[in-house]
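# Geometric and topological summary
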Amino acid sequence: MPDFTTAHQPSLVQDQHRRHFIRSAGTSLLVGICAPTALAQSPAKAPAAPATAKPRTQPLILVLGDSLSAEYGLARGTGWVALLEKQLAQDKLAATVVNASVSGETTSGGRSRLTALLAQHQPTHVVIELGGNDALRGLPLKNTEENLTVMTEAAQKAGAKVLLVGMQVPPNYGTDYANKFAGLFTTVAQARKAAVVPFFLKGVADGADPTRLFQPDRIHPRAEAHPQMLANVWPELKKLLR
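Everything in this summary refers to the structure shown in the same document. Residue positions are given per chain, counted from 1 along the sequence in the order it is written. Confidence filtering applies because this is a predicted model: local features only for residues at pLDDT of at least 70, side-chain atom pairs given and counted only at 80 or more, and all residues used for totals across whole chains, interfaces and linings. Side-chain measures were taken over the full set of non-hydrogen atoms in the model, leaving aside hydrogen atoms and water.

On to the pattern of salt bridges. For this analysis, a salt bridge means a side-chain nitrogen from Lys or Arg found within 4 Å of a carboxyl oxygen belonging to Asp or Glu. What the rule picks out here adds up to eight salt bridges. Of the charged contacts in the structure, one is a salt bridge between Asp 91 and Lys 238, with a shortest N-O distance of 3.3 Å. Highlighted residues: Asp 91 in the loop between helix H1 (80–90) and strand E2 (96–99) and Lys 238 in helix H6 (residues 226–241), separated in sequence by 147 residues. Burial here depends on accessible area, computed with a 1.4 Å probe over protein chains only, as a share of the maximum for the residue type. Under 20% is buried, over 50% is exposed, and the range in between is partly exposed. Residue Lys 238 is classed as partly exposed on the basis of its relative accessible area, which comes to 31%. Put simply, Arg 192 and Glu 153 hold a salt bridge, and the shortest N to O gap is 3.6 Å. Remark: Glu 153 occurs in helix H4 (residues 141–157) and Arg 192 occurs in helix H5 (residues 175–192); sequence separation between them is 39 residues. Think of it this way: any DSSP run of H or I at least four residues long counts as a helix, any run of E at least two long counts as a strand, and we number them from the N terminus.

Okay, structure coming up:
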C-alpha cells in the first residue's frame, strides 16, 4: 500500500474499509415515511390552513462530506466539524451545525441525500466536502462536476449559501486529469457564485513530514491535523456568515 512517507513521491491511498481517497505528500488530496392513514367516515371538516415554516432566527450550517468530515478513526468531538462549533462559540456567532457526512461518500451519494437533508434541516449554509472518492473510483470528471453543480444549485434554490471544499489528485493520475480535477471545484463555484476552499488539506498533506499528522493507516489525518483543516475552511465560511 502506498503511504505518505515516500519522500517527494506523491501516491494514491485507498482505505480498504471506507474507500476514501486523500492527497499524499507534496500533492493535494485530495462526503418521512408517509403511511397511508385509514380515515373513518365522519362529517366533513373545513380544510386546515397550510402550515407556515417559521423563519430561522439563527444560521444553520449543514456539512455534507466524506470520512474527512465524519471523524473517521477519531474520538468523537475532535474532528474539524466539532471544532467548528467551538470556533463559532469563541467568535460569539450563534449558529447550529449539522454534520451529515458519511465515510466513503461520493458526489453522487451526496446528491441523492441532499434533497431530504435540505427539507429536514432547512440550512442557511451548506458546506460540500465531496469529490475525492469520485477520483478513487475513476468516475468521469464530468459526472463529478455535474453532481457538484446540481448540489450547489439545489442548496442555493433552498435559500442556502454554499461553500465547496476542493480536492486534488496526485500527478500519477496524469497531469491533464489532475489539473482538470483540481480546477472543477473552482469552476463550479465561479459558475454558481459560491465560495470555495481550493485545498482542504493544505498544511496537512503537503508538509515535509506529513506522517506526523496522519493516523497509523497513513490515510486519515490525526486529531492534531483537524485544527489546520478548520483553519483552511473557516475564513471562507466566516465570510458567508456575515
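This paragraph deals with H1. Those residues of H1 not exposed but buried are Trp 80, Val 81, Ala 82, Leu 83, Leu 84, Gln 87 and Leu 88. Between two residues, a contact is recorded if the distance between any of their heavy atoms is within 4.5 Å. Where H1 is buried, its residues meet strand E1 (60–65), E2, strand E3 (125–129) and H6. Where H1 ends, the next residue or the one after it, Lys 92, has phi of about 55°, a positive value.

Along the backbone, Lys 238 and Leu 88 are 150 residues apart, and their C-alpha atoms lie at a distance of 9.1 Å. A 3.5 Å cut-off defines polar contacts: any pair of N or O atoms within that distance qualifies, except that in protein one atom must be a possible hydrogen donor and the other a possible acceptor, and neighbouring residues in sequence count only when both atoms are side-chain atoms. For Lys 238, the side chain forms a polar contact with the side chain of Asp 91, separated by 3.3 Å.

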